[in-house]
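# Summary of structural features
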2 protein chains.
Amino acid sequence: MYFNKKDLEEIGNVKRLNIVNSITGIKPANLIGTISKDKISNVAIFSSVVHLGSNPALIGVIVRPTGEIPRNTYENILENGQYTINHVGEEFIENSHYTSAKFDASTSEFEICNLTEEYLTDFEAPFVKESAIKIGLRHLESIPIESNGTILVIGEVEHVIIPDKAINKKGYIDLEKANTTGISGLNSYYKLEKITSFPYARVSEIPDFKNE
Amino acid sequence: MYFNKKDLEEIGNVKRLNIVNSITGIKPANLIGTISKDKISNVAIFSSVVHLGSNPALIGVIVRPTGEIPRNTYENILENGQYTINHVGEEFIENSHYTSAKFDASTSEFEICNLTEEYLTDFEAPFVKESAIKIGLRHLESIPIESNGTILVIGEVEHVIIPDKAINKKGYIDLEKANTTGISGLNSYYKLEKITSFPYARVSEIPDFKNE
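Along each chain, residue indices are assigned from 1 in the same order as the chain's sequence is written. All chains are assigned letters beginning at A, and all ligands numbers beginning at 1, according to the order in which they are written. Where local features are concerned, this predicted model is filtered to residues with pLDDT of at least 70; where side-chain atom pairs are given and counted, the filter is 80 or more; whole-chain, interface and lining totals use all residues. The side-chain values count all of the structure's non-hydrogen atoms but skip hydrogen atoms and water molecules.

For the purposes of this entry, the term helix denotes a DSSP run of H or I that reaches at least four residues, the term strand denotes a run of E that reaches at least two, and both are numbered from the N terminus. Secondary-structure assignment places threonine 150 of chain A in strand S11 (residues 150–161). Partly exposed describes any residue whose relative accessible area lies between the buried limit of under 20% and the exposed limit of over 50%, with all areas from a 1.4 Å probe on protein chains only and scaled to the type maximum. Judged by its relative accessible area of 2%, threonine 150 of chain A is buried. For threonine 150 of chain A, the side chain forms a polar contact with the side chain of asparagine 148 of chain A, separated by 2.7 Å. Non-local contacts of threonine 150 of chain A, meaning those with residues more than four positions away in its chain, are made with Ile62, Val63, Arg64, Pro65, Ile143, Pro144 and Ile145 of chain A together with Leu52 of chain B. Residues adjacent in sequence count toward polar contacts only when both atoms are side-chain atoms; beyond that, a polar contact is any pair of N or O atoms within 3.5 Å, and within protein one must be able to donate a hydrogen and the other to accept it. Contacts were defined at the residue level, with two residues in contact if any of their heavy atoms lie within 4.5 Å.

In this assembly, 110 residues from chain A lie in contact with 110 residues from chain B. Note: buried area is the sum, over both parts, of the accessible area (probe 1.4 Å) each one loses when the two are combined. Of the roughly 9800 Å² buried at the junction of chain A and chain B (both faces included), carbon and sulfur atoms supply 62%. Of all residues in chain A, Ile23, Phe198 and Phe209 of chain A bury the most surface against chain B, accounting for 8% of the area lost on that side. Any Lys or Arg side-chain nitrogen found within 4 Å of a carboxyl oxygen on Asp or Glu counts as a salt bridge. In this assembly, chain A and chain B are joined by two salt bridges. With its nearest N and O atoms 3.8 Å apart, the salt bridge here joins glutamate 156 of chain A to lysine 5 of chain B. Our enumeration of links across chain A and chain B arrives at 47 residue pairs in polar contact (both at pLDDT 80 or more). Looking at which element gives the most residues to the side of chain A that touches chain B, the answer is strand S13 (residues 188–197) of chain A, with ten residues. Taken together, the residues that form the side of chain A that touches chain B break down as 53 nonpolar, 31 polar and 26 charged. Only strands that DSSP links by at least two bridges are regarded as paired with each other. Looking at chain direction, S11 of chain A and strand S1 (residues 2–4) of chain B are connected through three bridges and run antiparallel. The nonpolar class holds Ala, Val, Leu, Ile, Met, Phe, Trp, Tyr, Cys and Pro. Asp, Glu, Lys and Arg form the charged class, and all remaining residues, Gly among them, are polar.

Next up on the list: the relation of the copies chain A and chain B. Mapping chain A onto chain B leaves a residual RMSD of 0.0 Å; the transformation is a rotation of 180 degrees accompanied by 0.0 Å of translation along its axis. In symmetry terms, the pair is related by a two-fold rotation axis. Across chain A, the smallest distance between a C-alpha and the rotation axis is recorded for leucine 192 of chain A, namely 2.6 Å. For the least-squares superposition of copies, only C-alpha atoms count, and only for residues with pLDDT at least 70 in both.

Attention shifts here to the confidence of the model for chain A. Per-residue confidence from the prediction method is given by pLDDT, with values spanning 0 to 100. Of the residues in chain A, 97% reach a pLDDT of 70 or more, and the chain-wide mean stands at 94. Here the predicted complex scores 0.95 on pTM and 0.95 on ipTM.

It is possible for side chains bearing opposite charge to pair when their charged atoms get close. All names here are of chain B. In total, this model carries 14 salt bridges over all chains according to the counting rule given. Glutamate 10 is paired through a salt bridge with lysine 6; the nearest N and O atoms lie 3.4 Å apart. With glutamate 10 and lysine 6 both in helix H1 (residues 5–10), this residue pair falls four residues apart, about one helical turn. Judged on exposure class, the residue glutamate 10 and its partner lysine 6 are both exposed. The residue lysine 191 makes a salt bridge to glutamate 90 at a minimum N-O spacing of 3.9 Å. Highlighted residues: lysine 191 in strand S13 (residues 188–197) and glutamate 90 in the loop between strand S7 (82–87) and helix H4 (93–97), separated in sequence by 101 residues.

Printed below as a string of structure tokens:
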């Protein structure tokens, strides 16, 4: 199948949404946990988390201030500067998926979707107990994306929790052992099977692909 | 295992790089194809492609102007405004991985890594023939990220190619059928197994999780 820009414009909103949300490939399935100044906790699924750099350890997420993605998350981040990113595991995909419904701000998705809040000392934002890998972040800056009115929210990593069985001495993390999942589009979920790894690529060590 | 911000600062560059590059979850494995004004083609693997919006169809990628990720890609994008994003399939992960070596600008990674250039009429940037899903983009804007000197490069989708077997009438794309892969960290590759999908989440249709 081939679509050009004009085809995409004329194809209808739903089909365009489905195609364009999937063509970038697999997306990470993460739950973002926040809390309002009135102490109402919030958790919502996001597929737009992106690694920005490791030193300092910075992570980005694209938020849509209005529209399909719940806005409470971003309001809470602005209120207290804290949020958590928690991997969606295979066992609680359905619970995680339904956090994307538009609940009103007085409702905690933890309660409705049967996910468990977990707190670290001195960190207000809730982690998701069911998640194997969890990150606590402090909001650093928000960059408006003028092309479509979305926002790149950047946070610095302050806490990282990883199960012992999923990390080795060098710091390599095995996402299959952590039961981490991926998303395509808005509603298809994938499990991960680790198939291979390669050393850091150096020009002097390139395999002889032509004669393999 | 638990790490706080101070632990990450003191853990050493390599271990921090490995941990922080993996904690966001699975990342899409994509090859970005470009061409210089001297008609030297370039292809390089990126794990930082992110969906920004479907109407207009916008895709972002984080680039590092200097450092580990080859800079030729971004220079070429600025020169002619075009680039392609091509999914890394299971059969050519190794070829794709080694495009990340720091070849000089006169070298085409297509040649060295044994990947095949493919061209569409009226579009200068090369696609990767081996990829099942491929996107042609026009550069729209570049947003500097001051926190760490990276750049969010935004492009509008002009061409999309998807194998018939991987897309249905509603526009849902099956990444398992497309043989699309994912990356964790800088060098571990995963295959994808589709396990479930759910309808768009409405408040009135939330499952009764407490009594399931």
